[in-house]
Amino acid sequence: MSVELYRDKNHSCIMLENLIDSDSSAIQSNQFIIVDGKDIALIDPGGNITYNGIFFEIHRLFSNGTVKYILASHADPDIIASLNKWLIQTQAKLVISKLWARFVPHFCNKDIPKNRILQIPDQGLSVILGDSKIKAIPAHFLHSEGNFQFYDPVSKILFSGDMGASMDDDADLTHPVTDFSSHIKTMESFHHRYMNSNKICRFWVTMVREMDVEMIVPQHGRYFKGKKMINEFLDWIEQLECGVDLMKQSHYREPD
Ligand code: FE
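None of the values given here were measured: they were computed from a predicted structure. (Residues numbered from 1 in each chain as written. Predicted model: local features only at pLDDT ≥ 70, side-chain atom pairs only at ≥ 80, totals over all residues. Heavy atoms only, no water.)

Chemist: A description of helix α1 (residues 48-61) should follow, citing residues and the corresponding values.
Modeler: Taking 1.5 Å of rise per residue, the 14 residues of α1 would be expected to cover 20 Å, and the 21 Å separating its terminal C-alpha atoms lies within 8% of that figure. Of all the residues in α1, the buried ones are T50, Y51, I54, E57 and I58. Buried positions in α1, seen along its axis, are confined to an arc of 145° and lie on one side of it. Within α1, the exposed residues directed more than 90 degrees away from the buried face are N48, F56 and R60. (Helix = DSSP H or I, 4+ residues; strand = E, 2+ residues; numbered from the N terminus. Expected span 1.5 Å × (residues − 1). Buried < 20%, exposed > 50% of the residue type's maximum accessible area, 1.4 Å probe, protein only. Arc of directions from axis to C-beta.)

Below, the structure is given as structure tokens:
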């Protein structure tokens, strides 16, 4: 189902949340379409499983639009493994961390012309979409070394990639989180292992607290809506020990 996260007469943000069969071995993931006027940006469109669904949805909803950008938070398979198809079917530019720009051509059958990849420097950048702009926000090591989230100042949505992701096969993803404390159990083990460290989480929280964010929408699971719920999430992740904080010598032993 496509979920309309935001819409005004010129600008909309759509989340696609059910393009992967519920009994698939592939992890559930959300894909995003941002439209301003006739310009379209896709965020983390995923791999071959989700390609057709996104393609048909764009043509159903925005048939006279043009896909300008593929915005990739990092270079994992559930983020951008469909790159080859998007580059062939559209004239879009891939926007990705400079750390991954020379790795992602391995997803493609042929080399990618240099002008089809916009490399994001570590400090981030903005891209123009119609009359609006989308900001690539630094989120390095959350979880990938060169990692960006995408902030849309019109809708005030922060598309947070893996940050805030949850794993719950029974969740209704068309609605935001309503009870934060019961939601923690669907996020905790993922953040413990995938996020780098409490130090990095705190850097990110400090940045986000200074931004005007109405929704935090992760790539897996349910989203957070409203300042109160966003603050509950920020308070939780700010104190979470994770990643290298939890690693011990006993994790690094040659197996039998
Ligand atoms: Fe990833």
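Chemist: How would you sum up the sheet that holds strand β6 (residues 93-97)? Please name residues and give values.
Modeler: Taken in spatial order, the seven strands line up as β1-β2-β3-β4-β5-β6-β7 in an open sheet, and their pairing is mixed. Each edge of the sheet is formed by a strand with only one pairing partner; in this case those strands are β1 (2-7) and β7 (117-120). Ignoring which end each strand starts from, the neighbouring axes of this sheet average 20° apart. Inspection of the sheet shows β1 paired to strand β2 (residues 11-16) by five bridges, in the antiparallel sense. Residue S2 lies in a different strand from β2, and its bridge partner there is L16. (Pairing = 2+ DSSP bridges. Axes fitted to C-alpha atoms, helices over the stretch in contact; angles between N-to-C directions.)

Chemist: So what's going on with the coordination of the iron ion? Residues and values would help.
Modeler: Within the protein, the atoms that donate to the iron ion are H74 (NE2), D76 (OD) and H143 (NE2), at distances of 2.0 to 2.1 Å. According to the relative accessible area criterion, D76 is partly exposed, its value standing at 28%. (Donors = N, O, S within 2.8 Å, 3.2 Å for Na, K, Ca; no water.)

Chemist: Let's hear about the pattern of salt bridges: which residues, and what values?
Modeler: It is possible for side chains of opposite charge to pair when their charged atoms get near one another. Summed over the entire model, instances satisfying the criterion amount to eight salt bridges. Residue R209 is joined to E238 by a salt bridge in which the shortest nitrogen-to-oxygen separation is 2.8 Å. Here R209 is found in helix α5 (residues 198-209), whereas its partner E238 is found in helix α6 (residues 227-239), with 29 residues between them in sequence. Given the relative accessible area of 36%, R209 is considered partly exposed. Within the structure, one salt-bridge network assembled from shared partners comprises K156, D212, E214 and K227. (Salt bridge = Lys/Arg side-chain N within 4 Å of Asp/Glu carboxyl O.)

Chemist: Give a detailed account of the packing of helix α4 (residues 180-194) against α6, specifying residues and quantitative values.
Modeler: Across the interface, α4 lies against α6 with an axial gap of 12 Å and an inter-helix angle of 40°. Judged on the interaxial angle alone, α6 and α4 are oblique. Crossing of α4 over α6 shows right-handed handedness. Along the contact surface, α4 presents F180, I184, M187, E188 and H191, while α6 presents M229, E232, F233, W236 and I237. Counted by class, the contact of α4 with α6 contains seven nonpolar, one polar and two charged residues. (Parallel < 35°, antiparallel > 145°, perpendicular 65-115°, else oblique. Left-handed = near helix turned anticlockwise from the far one by under 90°. Contact = heavy atoms within 4.5 Å. Nonpolar A, V, L, I, M, F, W, Y, C, P; charged D, E, K, R; others polar.)

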